[in-house]
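Each chain, written out:
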Amino acid sequence: MWATMPDAAHPLGALLREARRRLSEAGVTDAALDARLLVEHFTGTTRSQAITDPTLPVHGVEPLIAAVERRLAGEPLHRILGFREFYGLKLELSRETLEPRPDTETLVDAVLPFVREVSERRGACRILDLGTGTGAILLAVLSACPKASGMGVDISADAVATATRNADHLGLSNRFAAVQSDWFEEISGRYDVIASNPPYIPSQQIEGLQQEVRHFDPVRALDGGADGLDPYRIIGEQGPAYLAHGGLAALEIGHDQKADVTAIFSSCGWSLVEALTDLGGNDRVLLFTRP
Ligand SMILES: C[S@@+](CC[C@H](N)C(=O)[O-])C[C@H]1O[C@@H](n2cnc3c(N)ncnc32)[C@H](O)[C@@H]1O
């Protein structure tokens, strides 16, 4: 109905039904939720308006029509919206940033007790987030721990700019800095925590990933080299020079990488202190110290 009259005013309830119908007929999982979020975002309306005032006339529906078409073409919902929630924070996405995943919240939960303990004991705690992307991990930790501060590192200038904007919007820029660097290349000083969710997919497996990941997440955020372990070798070998005495390394890993990453870190003098699983019960986070 809307494509023939994009300039007309459409009742909010009818827009929602039409968006839901199109998405569900195309087999989009979570069609109802996606329709609601697209309608709210692209018409500037709220969920309660849709419930209490479904006849509310909405003008200028072209952006909504275009957004639904993008979803029908397979683009992930949050890429279209341009943001995603992570650890309760609204984070802007951009072309070269990974869409942060709920499983990565496991890493935030894993480091917070250590960050709080160091902050309480010393009045400060410094965190280095390698491969920061949107800034997700570091910003989540800073939002939960007011005495912590940190540096987000990314090889992508676009990611560094996005993480910086996210810190501004969240009111965290006084404790957050971001730098473009190939891992430790531009880094100096020592940090209490080195955190990273590095690219860890073996190069050969990228082609076989779901279309939504393969086409819309940046390859540089996914590709961990021939066996997926290259970044862990770099962090394991070079990390000790940037770690404060008694510090912690916290790493997200692929579900089948626990033994390999533990072996790499052990060979560099680290000790595994904890291994955590994600919401699906898969190995997801490893914590190491240097005795
Ligand atoms: C899996 S993403 C993680 C993004 C974010 N930390 C998160 O958890 O949502 C990996 C990130 O590492 C960055 N990266 C890839 N190679 C890098 C390198 N050599 N040096 C620094 N960052 C790199 C990518 O640009 C990407 O932002």
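Residues numbered from 1 in each chain as written. Predicted model: local features only at pLDDT ≥ 70, side-chain atom pairs only at ≥ 80, totals over all residues. Heavy atoms only, no water.

By the naming in an unreviewed UniProt entry, the protein chain goes by Release factor glutamine methyltransferase and is assigned to Oryzicola mucosus. Of the protein chain, the UniProt comment under Sequence similarities (unreviewed entry) reads exactly: "Belongs to the protein N5-glutamine methyltransferase family. PrmC subfamily." Word for word, the UniProt comment on the protein chain under Function (unreviewed entry) is "Methylates the class 1 translation termination release factors RF1/PrfA and RF2/PrfB on the glutamine residue of the universally conserved GGQ motif." (UniProt positions renumbered as here; feature names shortened; annotations may be inferred.)

(A) Spotlight on the UniProt feature "domain: Release factor glutamine methyltransferase N-terminal" (unreviewed entry) in the protein chain. Per the UniProt record, "domain: Release factor glutamine methyltransferase N-terminal" (unreviewed entry) is annotated on residues 15-82. Annotated as residues 15-82, this span is 68% helix and 3% strand, and its ends, taken at the C-alpha atoms, are 21 Å apart. (Helix = DSSP H or I, 4+ residues; strand = E, 2+ residues; numbered from the N terminus.)

(B) Focus on the pattern of salt bridges. Inspection of the entire model under this criterion finds 20 salt bridges. Two residues, Asp227 and Arg233, come together in a salt bridge whose shortest N-O distance is 2.5 Å. A residue is classified by how much of its surface remains accessible, and Asp227, at 32% relative accessible area, is partly exposed. Classification of Arg233 by relative accessible area gives partly exposed; the value is 29%. Among the charged side chains, a network of salt bridges with common partners joins Glu18, Arg21, Arg22, Glu25 and Glu69. (Salt bridge = Lys/Arg side-chain N within 4 Å of Asp/Glu carboxyl O. Buried < 20%, exposed > 50% of the residue type's maximum accessible area, 1.4 Å probe, protein only.)

(C) Structural view of the sheet that holds strand 9 (residues 243-252). If you trace the seven strands from one edge of the open sheet to the other, you get 7-6-5-8-9-11-10, paired in mixed fashion. Each end of this open sheet is capped by a strand with a single partner; those strands are strand 7 (176-180) and strand 10 (271-277). On average, each strand axis in the sheet is tilted by 20° relative to the strand beside it, whichever way the strands run. As paired strands, strand 5 (residues 125-130) and strand 6 (residues 148-154) are joined by six bridges and run parallel to one another. Counterpart to Cys125 in the pairing with strand 6 is Ala148. (Pairing = 2+ DSSP bridges. Axes fitted to C-alpha atoms, helices over the stretch in contact; angles between N-to-C directions.)

(D) Geometry of the site of the ligand. The local shell around the ligand holds 17 residues, among which Gly131, Asp154, Asp182, Trp183 and Asn197 are the closest. A distance of 2.8 Å separates a nitrogen atom of the ligand from a polar side-chain atom of Asp182. Relative to its unbound accessible surface of 600 Å², the ligand loses 95% to contact with the protein. Taken together, the residues of the shell around the ligand sort by class into eight nonpolar, six polar and three charged. (Near = heavy atom within 4 Å. Polar contact = N/O pair within 3.5 Å; in protein donor to acceptor, adjacent residues only side chain to side chain. Areas by Shrake-Rupley, 256 points an atom, 1.4 Å probe, with all protein chains shown as cover. Nonpolar A, V, L, I, M, F, W, Y, C, P; charged D, E, K, R; others polar.)

(E) Inspection of the pairing of strand 9 at higher detail. Buried residues dominate strand 9, accounting for eight of its 10 residues. Inspection of the sheet shows strand 8 (residues 191-196) paired to strand 9 by five bridges, in the parallel sense. If you follow Val193 over to strand 9, its bridge partner there is Leu248. Pairing between strand 9 and strand 11 (residues 283-289): five bridges, direction antiparallel. The partner of Leu251 across the bridge, within strand 11, is Leu286.

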